[in-house]
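# Structural description and commentary
The primary structure of each chain is shown beneath.
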Amino acid sequence: MPAHYPFGLEPLPYSYNALEPYIDAETVSIHHDKHLKTYVDKLNAALEPYPALHGFSLSQLLSKPELIPKTIQTTVKNNGGGVYYHNLYFNSMNTPWDEPTENLPVIRALLNQFGSLDAWKARMKKHGENVFGSGWSLLVLDPNRRFQVVPTPNQDSTLPQGLVPLLPLDVWEHAYYLKYQNRRTDYIDAWFHVINWNAVNNRYVGQMLLT
Ligand code: MN
């Protein structure tokens, strides 16, 4: 999978029904094969006439939006952000997972900063519930290598603020409406059961090892 233009549709790392009963197969299938595919296609179409941008990674394209040509700035922000967050989202879940263990550095660090996993969950949940319309609740690492939990609207990247997403919770209606209808809170409670903590830990350790 190229890390630059033309961006590809990353395959799901599990089967459509792997997240059942928490997230249903039809939602996963439409979310990945249709919604994410559309973001990928629109991002590539926007970048196509700009060969000077073809060597850059998604992180680079999203980190300094002011350097993107004005005519495609919004398209890259929306669809590039969509590709970035969805790849993280789908790669942050797995078949209903064992309880997270303190063997993982990311869990020890979360406990150290938030006091308990429940305290961290409450923040993720509060921001997820409070996003008005479409958006995300995000666990990020800030420039001081501390965690923050922040909301972001639409597909707006936090990279320009130096906040690196470690674990994204999609609260767009397309992420839950088929199974949960208007019950966003029930979807958020279910999502905590399918977090792939090994994947989140790998991301955390990778960031912490960067100088
Ligand atoms: Mn989505």
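Quick look at the structure, then. (Residues numbered from 1 in each chain as written. Predicted model: local features only at pLDDT ≥ 70, side-chain atom pairs only at ≥ 80, totals over all residues. Heavy atoms only, no water.)

To continue, consider empty space enclosed by the protein. Taken as a whole and judged by the stated rule, the model has one cavity of 30 Å³ or more. Taken as a whole, the largest cavity holds about 30 Å³ of empty space. Every residue along the wall of the largest cavity is listed here: E10, P11, L12, P13, H32, L36, H86, N87, F90 and N91. Of all elements in the fold, only α1 (25-47) and α3 (70-90) reach the threshold of two or more residues within the lining of the largest cavity. In terms of residue count, the dominant contributor to the lining of the largest cavity is α3 (three residues). Per-class residue counts for the lining of the largest cavity are five nonpolar, four polar and one charged. (1 Å grid on protein atoms, 1.4 Å probe; cavity = no way out; pocket = protein on both sides within 12 Å on 5 of 7 lines; lining within 4 Å. Points joined across faces, edges and corners; volume = space filled by probe spheres on them. Helix = DSSP H or I, 4+ residues; strand = E, 2+ residues; numbered from the N terminus. Nonpolar A, V, L, I, M, F, W, Y, C, P; charged D, E, K, R; others polar.)

We now examine the pairing of strand β3 (residues 164-170). When you tally the buried positions in β3, you get six out of seven residues, the bulk of the element. In terms of strand pairing, strand β1 (residues 135-141) meets β3 through six bridges, oriented antiparallel. Paired with L138 across the strands is P168, a residue of β3. (Buried < 20%, exposed > 50% of the residue type's maximum accessible area, 1.4 Å probe, protein only. Pairing = 2+ DSSP bridges.)

By volume, the second largest pocket amounts to about 220 Å³. As for the second largest pocket, its lining consists of 13 residues, and the residues nearest its centre are E99, P100, K121, F192 and H193. Looking at the lining of the second largest pocket, the element that brings in the most residues is helix α5 (residues 117-130), giving four residues.

Ranked by size, the top nonpolar core spans 66 residues in total, and within it W120, F147, Y187, W191 and W197 carry the most contacts. Leaving out residues up to four positions away in the same chain, W191 has contacts with I23, Y89, M93, M124, L167, P168 and L169. (Core = buried A, V, L, I, M, F, W, Y, C linked by side-chain atoms within 4.5 Å. Contact = heavy atoms within 4.5 Å.)

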